[in-house]
Amino acid sequence: MADIKTYSYSKKNSLVTIGVSVVLGLLFLSNVFKAYHNHDRIDLFIFTLLLLMLVFVLGIVVFKRLLPALKGDIALEFNEKGIIDYLRNITIDWQDIQTIDFKRTRSSFMICLKLKWESDYGSQIFISLRWIEGKDSDIYDTALFYFDKFSDAGIQTEE
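How each quantity is defined
- Residues numbered from 1 in each chain as written.
- Predicted model: local features only at pLDDT ≥ 70, side-chain atom pairs only at ≥ 80, totals over all residues.
- Heavy atoms only, no water.
- Helix = DSSP H or I, 4+ residues; strand = E, 2+ residues; numbered from the N terminus.
- Buried < 20%, exposed > 50% of the residue type's maximum accessible area, 1.4 Å probe, protein only.
- Pairing = 2+ DSSP bridges.
- Axes fitted to C-alpha atoms, helices over the stretch in contact; angles between N-to-C directions.
- Contact = heavy atoms within 4.5 Å.
- Phe/Tyr/Trp six-rings, centres within 6.5 Å; stacked < 30°, edge-to-face > 60°.
- Lys NZ or Arg CZ within 6 Å of the ring centre and 35° of its normal.

(A) Region of the structure containing unusual backbone geometry. Phi is positive for His39, which is not a glycine, with a value near 55°. Tracing the sequence through the fold places His39 in the loop between helix H1 (11-37) and helix H2 (41-71). Residue classification places His39 among the exposed residues on the basis of a relative accessible area of 70%.

(B) Expanded view of the sheet that holds strand S2 (residues 74-78). Spatially, the four strands line up as an open sheet ordered S1-S2-S3-S4, and their pairing is antiparallel. Single-partner strands in this sheet number two, and they are strand S1 (5-8) and strand S4 (90-93). Strand-to-strand, the axes of this sheet are offset by a mean angle of 10°, without reference to chain direction. Both S2 and strand S3 (residues 82-85) contribute to a ladder of three bridges, which runs antiparallel. Along S3, the bridge assignment pairs Glu77 with Ile84.

(C) Representation of the sheet that holds strand S5 (residues 97-104) in the model. A sheet is described by the order of its strands in space; here three strands give the open sequence S5-S6-S7, paired in antiparallel fashion. Since the sheet does not close on itself, it has two edges, and those belong to S5 and strand S7 (122-128), each with one partner. Neighbour-to-neighbour, the strand axes of the sheet open up by a mean angle of 25°, direction not taken into account. The sheet contact formed by S5 and strand S6 (residues 109-119) spans seven bridges and is antiparallel. The partner of Thr99 across the bridge, within S6, is Lys114. Where helix H3 (residues 136-150) meets the sheet, its contacts fall on S5 and S6, and the angle it forms with S5 comes to roughly 170°.

(D) Structural detail: the packing of aromatic side chains. Summed over the entire model, instances satisfying the criterion amount to 10 aromatic pairs. Their ring planes at 20° and their centres at 4.7 Å tell us that Phe102 and Tyr140 sit as a pair that is stacked. Separated by 38 residues along the polypeptide, Phe102 in strand S5 and Tyr140 in helix H3 bring together distant segments of the chain. Given the relative accessible area of 12%, Tyr140 is considered buried. Counting every residue linked through ring pairs, the aromatic cluster contains Tyr7, Phe78, Trp94, Phe145, Tyr146, Phe147 and Phe150. A cation over an aromatic ring shows up here: Lys5 above the ring of Tyr7, its NZ or CZ 5.2 Å from the ring centre. Just above the ring of Phe109 sits the side chain of Arg104; from NZ or CZ to the centre is 4.9 Å.

That is the geometry; function is a separate question.
This is the structure we're talking about:
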């Protein structure tokens, strides 16, 4: 049996994002109605454009994040060969990783992989944990565990 650890898409984050988008969309929609009744073409154009962009983004969140979360699809996988990031469809072999780090951004945590060579994605790959179900620090600990177990270098973290 293969040594595999998987993490699903985050239902909670998808629903929160959709909720915030719906509230923002309702605000835009009310401004569209106000601009229409006030015969303000510029505001009508701007808020209609913003509303359409929001609907587009909302569609992406529903189809790319919420539906996979509801189906229980895998977002991130650790196995004996490497890491598979299904969010961006990237596979990274343990042997290609020089160091693993854990970084906080304004809205989420990321696993930062520094590669031994330049790939199509650059010499560093960042895996956002925003859309992944599970505790961020546990996912990072799993990455370190697998890196130590399956790479030649063992654990190396940046300081």
